[in-house]
Structures are given as structure tokens and as C-alpha cells.
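A structural walkthrough
These are the residues of each chain, in order.
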Amino acid sequence: RKNVGFDSITVRDYEMTLGDQICKKGPPVSLGWTYSEYPPLSVDEYEINHPTRRPVAQLALTPKRRTNYLLEQCDITMAEIIRTQREVMVVRRRRAAEKEAALNPGGAGAVDPSCCTVS
């Protein structure tokens, strides 16, 4: 039987930026490449001092909070946010059309995925 142990923990804070994943409302956000790194801590020291975990509901960002954060903290313009949201909508429509086509091949209700373009 093999054992695994950890000596230290290094915590990083990553920037948040405009993302490209699909979300229902508002602009998508992702972690960026830039981060701040804190000095390593022993596992015991980390366990004693780390903040308590926040409930998932407190971690969620509303569409308005995401938009405001991107505009105020990330130097993202409203034009970039709108363009990204349009691209996300195109992908959502295309996926819905492909799903419909897969569930109803050749059916009257099938949607042509080529209809989903950015304008």
C-alpha cells in the first residue's frame, strides 16, 4: 500500500476575464492567465488559518454583477461584452438545432443549423 503526503500549499488568486463558455444570461466569465501567488504554507498552518467556505449561493454572480465586474475591473468594453453574448447565442441556437435534428432526424420540425449566424 502506497501513501501520499503533502508538504505545503500555495494559494493563487487568478484574474477574471470575459469567457467563451455558454451561460443562460449575461456575459460569460473565465479565469485569466494572470495570478497573484502567496507564500507557501504548511498544510497544518493553512487548515488553521483559511477562511470558512462560502455557500454556493454566495459564489454565484448575477448577470449584472458579472457585467459590472468586467467593465470596472477588467477593462472590457460593453461592445466586447455584447459581441461575446451574440457569439454565445449563436452557439446555443446551433446546439439546440443539432439536438432537435438528432432527436427528430428528417422530421418536419428539424431546424437547419446554418440558420444560426452572427449578424
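See the structure printed just above.
Since this is a predicted model, take the numbers as computed values, not measurements.

We now examine helix 3 (residues 63–73). Three or more residues of helix 3 are buried, namely Arg66, Thr67 and Leu70. Down the axis of helix 3, the buried set is contained in an arc of 95°. They therefore lie on one face. Within helix 3, the exposed residues directed more than 90 degrees away from the buried face are Lys64, Glu72 and Gln73. The inward-facing, buried residues of helix 3 contact strand 2 (12–18), strand 3 (29–37) and helix 4 (78–103). Looking one or two places after helix 3, you find Asp75, whose phi comes out positive at around 55°.

Moving on: the nonpolar core. As a rule of thumb, soluble globular proteins bury nonpolar side chains together. The biggest cluster of nonpolar side chains holds five residues, and these are Leu18, Val29, Leu70, Ile76 and Ile81. For Ile81, the contacting residues outside a window of four places in its chain are Leu18, Pro27, Thr67, Leu70, Leu71 and Ile76.

Owing to its 3.6 residues per turn, the α-helix brings residues three or four apart onto one side. The end-to-end C-alpha separation of helix 4 is 37 Å, in line with the 38 Å expected for 26 residues at 1.5 Å each. Here helix 4 has its buried residues at Ile81, Thr84, Val88, Val90 and Ala97. Looking at the buried residues of helix 4, the elements they touch are strand 2 and helix 3.

Attention now moves to the packing of aromatic side chains. This structure, assessed with the given rule, holds one aromatic pair. Between Tyr14 and Tyr35 the ring centres are 5.2 Å apart and the planes differ by 45°, which places this aromatic pair in the tilted class. One end of the pair, Tyr14, is in strand 2; the other, Tyr35, is in strand 3, with 21 residues separating them in the sequence.

Procedures and definitions
Residues numbered from 1 in each chain as written. Predicted model: local features only at pLDDT ≥ 70, side-chain atom pairs only at ≥ 80, totals over all residues. Heavy atoms only, no water. Buried < 20%, exposed > 50% of the residue type's maximum accessible area, 1.4 Å probe, protein only. Helix = DSSP H or I, 4+ residues; strand = E, 2+ residues; numbered from the N terminus. Arc of directions from axis to C-beta. Contact = heavy atoms within 4.5 Å. Core = buried A, V, L, I, M, F, W, Y, C linked by side-chain atoms within 4.5 Å. Expected span 1.5 Å × (residues − 1). Phe/Tyr/Trp six-rings, centres within 6.5 Å; stacked < 30°, edge-to-face > 60°.

So, to be careful, I would describe these as geometric facts and stop short of saying anything about function.
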